[in-house]
Amino acid sequence: MHTFGLTGGIGSGKSAAAHYFAELGVPILDADEIARVVVEPGSAALASIAQTFGAEFILANGTLDRRRLRERIFSDSVAREWLETLLHPLIREVVKEALKTPCTAPYRLLMAPLLLETGMDQLVEGVIVVDLPEALQLQRALARDQCSEATLRQIMQAQMSRAARLARANFCLDNSQSPTELQDAVKHLHTQLLALVEKNRT
Ligand SMILES: CC(C)(COP(=O)(O)OP(=O)(O)OC[C@H]1O[C@@H](n2cnc3c(N)ncnc32)[C@H](O)[C@@H]1O)[C@@H](O)C(=O)NCCC(=O)NCCS
Ligand SMILES: Nc1ncnc2c1ncn2[C@@H]1O[C@H](COP(=O)(O)OP(=O)(O)OP(=O)(O)O)[C@@H](O)[C@H]1O
């Protein structure tokens with residue numbers, strides 16, 4: 001089973017690209033979704049977070065106060081590193097287990113904003129980067145998220161720079177134009193990936 005990684009900074013258009021791949025029948029494994037599963041109510045990770053940051057980081061319904069934790073970790077790099085040390089190995093283990101599941105499609109995608117930062121690119125055969133100028137990335141993320149510009153800038157600062165990410169890309173999807181153009185780029189890359197997978201089979 002072939003797996004390629006799909007990455008890009010916050011608001012770059014990973015979900016939009018993944019949606020177009022899914023329409024073409026490509027299975028998607030989403031690391032952000034797994035990051036939510038590992039802190040579900042009752043998990044050891046959630047208990048550790050409450051112990052370190054305080055009980056006020058847990059909402060009345062027992063779930064993580066994600067907004068509060070976001071504000072905290074992106075304004076305090078020590079807190080962020082503590083959280084990453086706790087969560088990244090757990091996320092990686094769940095991803096590794098999920099990748100063991102056989103799948104009939106020619107290839108699948110592991111979608112992860114921190115694919116390169118966490119070394120999860122070692123689990124895939126090639127890296128696809130969704131790319132756009134940082135100013136446009138900020139503009140789109142601002143329009144979508146209930147998040148201040150200052151926090152978004154801090155999140156972008158905690159991620160790899162555009163240049164560093166592009167330097168590690170095997171494939172690039174330009175998302176600086178319209179959604180239709182992104183969809184066309186996904187279709188084109190899908191054909192390329194199918195050919196690559198087929199070539200490796202023979
Ligand atoms: C801080 C948390 C609770 C905020 O939750 P929230 O629902 O507001 O955001 P969500 O999880 O949907 O993440 C939104 C985006 O933030 C960015 N982001 C998240 N965590 C990080 C991080 N540690 N460093 C840099 N960027 C990050 C990513 O681009 C991500 O797509 C959450 O992001 C989290 O648990 N982060 C630590 C786990 C992690 O590193 N996840 C990335 C998986 S590869
Ligand atoms: N080509 C485009 N033109 C205009 N808006 C776009 C385009 N691509 C994506 N968007 C919008 O930009 C925002 C960010 O896109 P998306 O949610 O796909 O990014 P993401 O990389 O998955 O973000 P995150 O990692 O923050 O979850 C969304 O509101 C989306 O609708």
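This is a predicted model, so every value here is computed, not measured.

Cut-offs used in this document
- Residues numbered from 1 in each chain as written.
- Chains lettered and ligands numbered in written order.
- Predicted model: local features only at pLDDT ≥ 70, side-chain atom pairs only at ≥ 80, totals over all residues.
- Heavy atoms only, no water.
- Helix = DSSP H or I, 4+ residues; strand = E, 2+ residues; numbered from the N terminus.
- Rg over C-alpha atoms; globule rule 2.2 N^0.38 Å.
- Contact = heavy atoms within 4.5 Å.
- Lys, Arg positive; Asp, Glu negative; His and termini not counted.
- Charge placed at Lys NZ, Arg CZ, Asp CG, Glu CD.
- Axes fitted to C-alpha atoms, helices over the stretch in contact; angles between N-to-C directions.
- Parallel < 35°, antiparallel > 145°, perpendicular 65-115°, else oblique.
- Nonpolar A, V, L, I, M, F, W, Y, C, P; charged D, E, K, R; others polar.
- Polar contact = N/O pair within 3.5 Å; in protein donor to acceptor, adjacent residues only side chain to side chain.
- Phe/Tyr/Trp six-rings, centres within 6.5 Å; stacked < 30°, edge-to-face > 60°.
- Buried < 20%, exposed > 50% of the residue type's maximum accessible area, 1.4 Å probe, protein only.
- Near = heavy atom within 4 Å.
- Areas by Shrake-Rupley, 256 points an atom, 1.4 Å probe, with all protein chains shown as cover.

Caption draft 1: Region of interest: the overall build of the chain. Counting its secondary structure elements, the chain contains nine helices and five strands. Along the chain direction, N to C, the helices and strands of the chain fall in the order β-α-β-α-α-α-α-β-β-α-α-α-β-α. The C-alpha radius of gyration computed for the chain amounts to 18 Å, which stays within 12% of the reference 17 Å derived for 202 residues, consistent with globular compactness. C-alpha atoms of the chain, sized along the principal axes, occupy 55 × 40 × 30 Å. If you take every contact in the chain between residues at least 6 apart in sequence, the share linking residues at least 24 apart comes to 75%. The average position of the 21 basic charges and that of the 24 acidic charges among the side chains of the chain differ by 1 Å.

Caption draft 2: Geometry of the packing of helix H3 (residues 44–53) against helix H5 (residues 77–100). Following both chains from N to C, one finds H3 and H5 inclined at 170°, their axes separated by 11 Å at the closest point. Relative to H5, the element H3 is oriented roughly antiparallel. Along the contact surface, H3 presents Ala45, Ser48, Ile49, Thr52 and Phe53, while H5 presents Ala79, Trp82, Leu83, Leu86, Leu87 and Leu90. Taken together, the residues of the contact of H3 with H5 sort by class into nine nonpolar, two polar and no charged.

Caption draft 3: Expanded view of the side chain of Thr7. Looking at where Thr7 falls in the secondary structure, it is placed in strand S1 (residues 2–7). A distance of 3.1 Å separates the side chain of Thr7 from the backbone oxygen of Pro113, its partner in a polar contact. Thr7 has contacts with Lys14, Ala112, Pro113, Leu114, Leu115, Leu116, Val127, Ile128, Val129 and Val130, leaving out every residue within four places of it along the chain.

Caption draft 4: Inspection of the packing of aromatic side chains at higher detail. Tallied over the full model, the rule gives four aromatic pairs. An angle of 75° between the planes, with centres 5.6 Å apart, marks the rings of Phe4 and Tyr107 as edge-to-face. Of the two residues, Phe4 sits in strand S1 while Tyr107 sits in strand S3 (residues 107–111), which places them 103 residues apart along the sequence. On the accessibility criterion, Phe4 (2% relative accessible area) is buried. A relative accessible area of 1% places Tyr107 in the buried class. Taken together, Phe4, Tyr107 and Phe171 form an aromatic cluster joined through their ring pairs.

Caption draft 5: Just the site of ligand 2, in detail. Within the structure, ligand 2 sits among 14 residues, and Lys14, Ser15, Arg144, Asn175 and Gln177 are positioned closest to it. Measuring from a nitrogen atom of ligand 2, one finds a side-chain N or O atom of Asn175 at 2.8 Å. Taking Gln177, its main chain carries an N or O atom lying 2.8 Å from a nitrogen atom of ligand 2. Contact with the protein chains hides 74% of the accessible area of ligand 2, taken as 630 Å² for the molecule alone. Of all elements in the fold, only helix H1 (14–23) and helix H6 (134–144) reach the threshold of two or more residues within the shell around ligand 2. By residue class, the composition of the shell around ligand 2 is three nonpolar, eight polar and three charged.

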